[in-house]
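Letter by letter, the chains look like this.
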Amino acid sequence: MPETAGHTPYLETAEELNAALAEIIKWEKEQNQLMIWDRITRLPFKLFDKLTPKFIHEKLGKLLDELGGYIQNGGNYLVAGRKVGVLMETGSRAAGGTGKGPYPLAVMDNAARQLTMSSRNVATAQGATTGFGGLFTLAADIPAILGLSLKVIQEIGLCYGYNPTDKAERIFAVKVMQFASADIVGKRTILKELNLQAGGDGDITAGTQAAVSRIQGWREVITVYRDNWGWKKMLQAVPVAGMFFGAYINRKALEDVAEAARMLYRKRRIIARLAEMG
């Protein structure tokens, strides 16, 4: 689904693309304003970590292996592009287009929002189901939300023309997931790694090649995800009442991941189109 430079008419003017890019940069600056409350909510996890049964720790270790497998060969988390392709074609025709790419940003954005809503609803139901059983069903919830996160990131990537069958794109998907849960310093570091910082050219090649050689980075993803949930997951561990906390927590986690995916893939596509225009 990637676009071919120099062979298609430009779908937005340079002014429109720069305006859209300015909106994303504004969003990035807002992400840097990590609230004190967010810092506080990560602290109690050390206590939660000590109380967590061994089988949940083992599940987290297995997740690390699965994440490594996804990066290397796609594994069970790799999504098919057919569903997204149909959604893009339908959206294009509804907007008066031919149903064929390259698609305008508005069509890409609309498809990404639809996928976000669908995944958010699934995550909400998943959190309520696992939250009902308390602590012991957390072992099922953590891999489920991780899988849903990777799924929606890949689907949104496809909306903007980036195919997860490419290994570099799978690494990018993991970095998006990491970005969604990172603190201020982490977000800045990830943007720089992916050449998406201010003035970056959006070429992810060097950043992803360096990242794949550091398996510690994938362990970091699991750790950041875990720490970010902190006391929230402790609330979900309460039987029955946990279903309400679980539904909200998972819904919010999926929304954050999807928002990060929309913004970062959109930024790459805008930078690419501006480069095509010279």
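In this text the structure is predicted, and so the values were computed from the model without any measurement.

Scoring rules and cut-offs
Residues numbered from 1 in each chain as written. Predicted model: local features only at pLDDT ≥ 70, side-chain atom pairs only at ≥ 80, totals over all residues. Heavy atoms only, no water. Helix = DSSP H or I, 4+ residues; strand = E, 2+ residues; numbered from the N terminus. Buried < 20%, exposed > 50% of the residue type's maximum accessible area, 1.4 Å probe, protein only. Areas by Shrake-Rupley, 256 points an atom, 1.4 Å probe, with all protein chains shown as cover. Contact = heavy atoms within 4.5 Å. Axes fitted to C-alpha atoms, helices over the stretch in contact; angles between N-to-C directions. Parallel < 35°, antiparallel > 145°, perpendicular 65-115°, else oblique. Left-handed = near helix turned anticlockwise from the far one by under 90°. Nonpolar A, V, L, I, M, F, W, Y, C, P; charged D, E, K, R; others polar. pLDDT = per-residue confidence, 0-100. Salt bridge = Lys/Arg side-chain N within 4 Å of Asp/Glu carboxyl O. Expected span 1.5 Å × (residues − 1). Polar contact = N/O pair within 3.5 Å; in protein donor to acceptor, adjacent residues only side chain to side chain. Core = buried A, V, L, I, M, F, W, Y, C linked by side-chain atoms within 4.5 Å. Arc of directions from axis to C-beta. Phe/Tyr/Trp six-rings, centres within 6.5 Å; stacked < 30°, edge-to-face > 60°.

Visitor: Any chance you could explain the overall build of the protein chain here in plain terms?
Guide: Per the secondary structure count, the protein chain includes 12 helices and 0 strands. Scanning the protein chain from its N terminus toward the C terminus, one meets helices and strands in the order α-α-α-α-α-α-α-α-α-α-α-α. Residues classed as buried in the protein chain amount to 47% of the 278 residues present. For the protein chain, the exposed area adds up to about 13400 Å²; of that, 59% sits on carbon and sulfur atoms.

Visitor: What am I meant to see in the side chain of Glu169 here?
Guide: Position of Glu169 relative to the elements: it lies in helix α8 (residues 167-181). With a relative accessible area of 8%, Glu169 lands in the buried category. Non-local contacts of Glu169, meaning those with residues more than four positions away in its chain, are made with Tyr162, Asn163, Pro164, Ile204, Tyr265 and Arg268.

Visitor: I would appreciate a short explanation of the packing of α8 against helix α9 (residues 184-193) in the present structure.
Guide: Packing of α8 against α9 brings their axes to within 8 Å, and their N-to-C directions diverge by 155°. When the axis of α8 is compared with that of α9, the two are roughly antiparallel. Pair α8 / α9 crosses with left-handed handedness. Taken together, the residues of α9 that come into contact with α8 (itself represented by Lys175, Gln178, Phe179 and Ala180) are Lys187, Ile190, Leu191 and Glu193. For the contact of α8 with α9, a count of residues per class yields 4 nonpolar, 1 polar and 3 charged.

Visitor: What am I meant to see in the confidence of the model for the protein chain here?
Guide: Detailed reading of the predicted coordinates is not advisable wherever pLDDT is low. Chain-level statistics for the protein chain give a pLDDT mean of 77 and a share of 67% at 70 or above. Across the protein chain, helix α5 (residues 82-94) holds the top mean pLDDT of 92, while helix α2 (residues 36-42) sits lowest at 51. A low-confidence stretch, residues 4-9 (pLDDT under 50), is modelled with 2 contacts involving residues beyond four sequence positions or located in other chains.

Visitor: How should the pattern of salt bridges be read in this particular structure?
Guide: Should their charged atoms come close, side chains of opposite charge can pair. Applying the stated criterion across every chain, the model contains 10 salt bridges. Between Lys83 and Glu155 there is a salt bridge; the shortest N-O distance is 3.6 Å. Taken together, the residues span a long stretch of sequence, with Lys83 in helix α5 and Glu155 in helix α7 (residues 138-159) at a distance of 72 residues. Judged by relative accessible area, which is 43%, Lys83 ranks as partly exposed. By relative accessible area, which is 3% here, Glu155 ends up buried. Here Lys151 makes a salt bridge to Glu155, at a shortest N to O gap of 3.0 Å. Within this pair, Lys151 and its partner Glu155 are both found in helix α7, separated by 4 residues, close to a single helical turn. Salt bridges here are not isolated pairs; linked through shared partners, they connect Lys83, Lys151 and Glu155.

Visitor: What is the right way to look at α8 in this model?
Guide: Owing to its 3.6 residues per turn, the α-helix brings residues three or four apart onto one side. For α8, built from 15 residues, the straight-helix expectation of 21 Å at 1.5 Å per residue is met to within 8% by its first-to-last C-alpha distance of 22 Å. Extensive coverage of α8 is indicated by the burial of 13 of its 15 residues. Looking at where α8 begins, the residue whose side-chain oxygen comes 3.0 Å from the main-chain nitrogen of Ala168 is Asp166.

Visitor: Looking at this structure, I do not really get the nonpolar core. What am I missing?
Guide: It is characteristic of soluble globular proteins that their nonpolar side chains tend to be buried jointly. Membership of the largest hydrophobic core comes to 57 residues, with the highest contact counts inside it found for Ile153, Tyr160 and Tyr265. Where this core is concerned, the elements lending two or more residues are α1 (14-31), α4 (54-73), α5, α6 (105-132), α7, α8, α9 and α12 (242-276).

Visitor: When you look at the environment of Arg188 in this model, what are you seeing that I'm missing?
Guide: By the element assignment, Arg188 lies in helix α9. A sequence separation of 157 residues divides Arg188 from Gln31, and the C-alpha atoms of the two residues are 9.7 Å apart.

Visitor: Sorry, what's going on with the environment of Thr205 here?
Guide: Mapped onto the elements, Thr205 comes out in helix α10 (residues 205-212). When the C-alpha atoms of Thr205 and Ala168 are compared, they prove to be 6.9 Å apart, with 37 residues separating the residues in sequence.

Visitor: Looking at this model, I keep getting lost on unusual backbone geometry. Mind explaining?
Guide: Negative phi values dominate among residues other than glycine, just as trans dominates among peptide bonds. We note that Asn195 has phi near 60°; this positive angle belongs to a residue other than glycine. Here Asn195 falls in the partly exposed class, since its relative accessible area comes to 21%.

Visitor: Looking at this model, I keep getting lost on α5. Mind explaining?
Guide: Taking 1.5 Å of rise per residue, the 13 residues of α5 would be expected to cover 18 Å, and the 18 Å separating its terminal C-alpha atoms lies within 8% of that figure. For α5, the set of buried residues is Val84, Gly85, Met88 and Ser92. The buried residues of α5 occupy an angular sector of 105° when the element is viewed end-on, so they sit on one face. Away from the buried face of α5 by more than 90 degrees, exposed residues Arg82, Val86, Arg93 and Ala94 are located. Gly96 sits one or two residues past α5 and shows a positive phi near 95°.

Visitor: Just checking my understanding: could you explain the packing of aromatic side chains for this structure?
Guide: Two measures describe an aromatic ring pair: the distance that separates the ring centres and the angle between the ring planes. The tally for this structure, following the rule as stated, stands at 4 aromatic pairs. Between Tyr162 and Tyr265, the aromatic rings sit 5.9 Å apart at their centres with planes inclined by 25°, giving stacked as the arrangement. Of the two residues, Tyr162 is situated in the loop between α7 and α8 and Tyr265 in helix α12; the sequence distance between them amounts to 103 residues. Judged by its relative accessible area of 2%, Tyr265 is buried.

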